[in-house]
Amino acid sequence: MKASSLALMGGGLFIPGPAISGTGAARIELTASKGNYKFEQDQQSPTQLMFFNKAIPGPVIRIPQGQESIVELHNDLDEPTSVHWHGLRIDNEMDGVPGMTQDPIQPGESFLYRLRPPDAGTYWYHSHQRTWGQLAFGLAGILIVEEDEAPRVDQDLIFAVDDWRLDDHLQFDSASLGSMHDWSHGGRLGNWITINGRLDHPYRVSKGERIRFRMLNIANARTMKLRINQPLSRVIAIDGQPVKPYELKSGVVTLAPGQRSDLIIDISGEPNSGSPIELLIKDQVYTVSSFEVDGNIKRQEILESSITLPPNPMNRIQLPQTSKQVPLHIGGGAMGGMQQAIYQGREMGIQELIQNKKIWAFNGIAGLPDSPLFKVRRGSAVSLNIDNDNAWSHAMHIHGHHFIDQKQPGVWRDTALFMREEKGSLRFVADNPGKWLIHCHMIEHQAGGMITWFEVT
Ligand code: C2O
Ligand code: CU
């Protein structure tokens, strides 16, 4: 979809992306490389991108819960890379943060990631090296940790939404990559929207069918408000973690960059009809995909079986009454009036900060500091008290842990959206030893300074 010239999508068959699954101790090979990609079949000249196993998004990796799977990552790029497993509560050495948990993987080199995910659910993986470039070029994929016993569904579908800044011939707009305007405003927002890497992506379904719909926002910076237009839609998981199923009343799922929602949808609508999936941007409505109801009737009555996911170990964690209070002030950005900040241990005025491409600060510090924001003993409860004191919204992400956002009680998230000038707390138990990042998942904000870390000893 191009954001300026949008019509209801035509037919076209959905081509499922490659899936790699593991049962038991899986071993999966991933290769990061540069190459050509077509967003639609009849695209004249292909787009030069970066991808995992030549797929956009990268292959859907399915691994079992609680067992070790191995992913061997080969770097065929001409620059260093790494892979971060977004939302997985895994060992610190496997978190994929160059300079903190591993060395960057040099061109021609490989790295073995050993993943033993405690929680089932919908996750994703992406480059964590020069992320603002590598993610914009396409280095991301879907990761599913399978439940031992999942609710019965007829189809398990992925809806990974992304936006791309391309010209009219679908060529990557490199001229604006790294633009300070983007970094100080809302990030690199694309003008083309893809679902699972396709510009035209309908889902073929039948009346009465029960589908699991795994929705992920893998864009660099755009928060997506998506209207599903299927009345029998219920949310069963958020950021991978099961929630008590609830009806999607407004029909709208809002996903900040990095966030996920799993839905169970019982398809309604007459045979041979369709319903659009729409992206709402301000007062504009764009159709980005659709459910195409075919001529078959799967069942007349809705399935009665339970849609509740089995609990994850995460669901059993209790937050204690008292926790360590950690203030986190977010300053900077366009119209933010930031005058100075500390960068690389030295106080700089705004001009010097801009020369260093730093325009955001956590507690007055721009970029990754030498010392952690806080250091706690394993098992300590932490309340990150966020004061989003600037004119922009931010998607706050914590590595290796899930937290409860005060405004969404009972939901364990790994990424939380804060609107301009919003204040609120993220509470969690720091129970995973190691060094972990906290950053904005609007990747240009992260690159522009919104990044810090904490240590669990
Ligand atoms: Cu998905 Cu550090 O990020
Ligand atoms: Cu941000």
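Conventions adopted
Residues numbered from 1 in each chain as written. Chains lettered and ligands numbered in written order. Predicted model: local features only at pLDDT ≥ 70, side-chain atom pairs only at ≥ 80, totals over all residues. Heavy atoms only, no water. Core = buried A, V, L, I, M, F, W, Y, C linked by side-chain atoms within 4.5 Å. Buried < 20%, exposed > 50% of the residue type's maximum accessible area, 1.4 Å probe, protein only. Helix = DSSP H or I, 4+ residues; strand = E, 2+ residues; numbered from the N terminus. Pairing = 2+ DSSP bridges. Axes fitted to C-alpha atoms, helices over the stretch in contact; angles between N-to-C directions. Domains from an automatic or database assignment. Contact = heavy atoms within 4.5 Å. Buried area = accessible area lost by both parts, 1.4 Å probe.

Caption draft 1: The arrangement of the nonpolar core in detail. Counting residues in hydrophobic clusters, the biggest one holds 41 residues, and the most contacted among them are F374, L384, M396 and L426. If you look at the next biggest cluster of nonpolar residues, it comprises 39 residues, including I56, W85, A136 and L166.

Caption draft 2: Here's a closer look at unusual backbone geometry. A cis geometry characterises the amide bond from I56 onward to P57, with omega recorded as -15 degrees. Along the chain, the position of P57 falls in the loop between strand 3 (47–52) and strand 4 (58–64). One non-glycine residue, N229, lies in the positive phi region at around 60 degrees. Here Q344, not a glycine, exhibits a phi torsion of approximately 50 degrees, which is positive. Inspection of the secondary structure assignment puts Q344 in the loop between strand 22 (340–343) and strand 23 (346–349).

Caption draft 3: Layout of the sheet that holds strand 13 (residues 210–217). Overall, mixed pairing links the six strands, which are arranged 11-10-13-18-15-16 in an open sheet. Looking at which strands have only one partner, the edges of the open sheet turn out to be strand 11 (192–195) and strand 16 (241–247). Ignoring strand direction, the axes of neighbouring strands in this sheet form an average angle of 25 degrees. Two elements, strand 13 and strand 18 (residues 260–266), share seven bridges in a ladder whose sense is antiparallel. Each residue of the ladder has a partner; that of R210, found in strand 18, is D266.

Caption draft 4: Molecular detail of the pairing of strand 12 (residues 202–207). Within strand 12, five of the six residues are buried, which leaves the element mostly enclosed by the surrounding structure. Sheet analysis places strand 12 next to strand 20 (residues 284–297), joined by five bridges and oriented parallel. The residue of strand 20 that forms the bridge with P202 is S290.

Caption draft 5: Fine view of the domain arrangement of the chain. Partitioning the chain into domains gives domain 1 (4–146), domain 2 (194–309) and domain 3 (317–456). Inter-centroid distance (C-alpha atoms) of domain 1 to domain 3 is 25 Å. Each side of the interface is counted separately: domain 1 has 19 residues, and domain 3 has 23 residues. Taken over both partners, the interface formed by domain 1 and domain 3 buries close to 1,500 Å², and the fraction arising from carbon and sulfur atoms is 61%.

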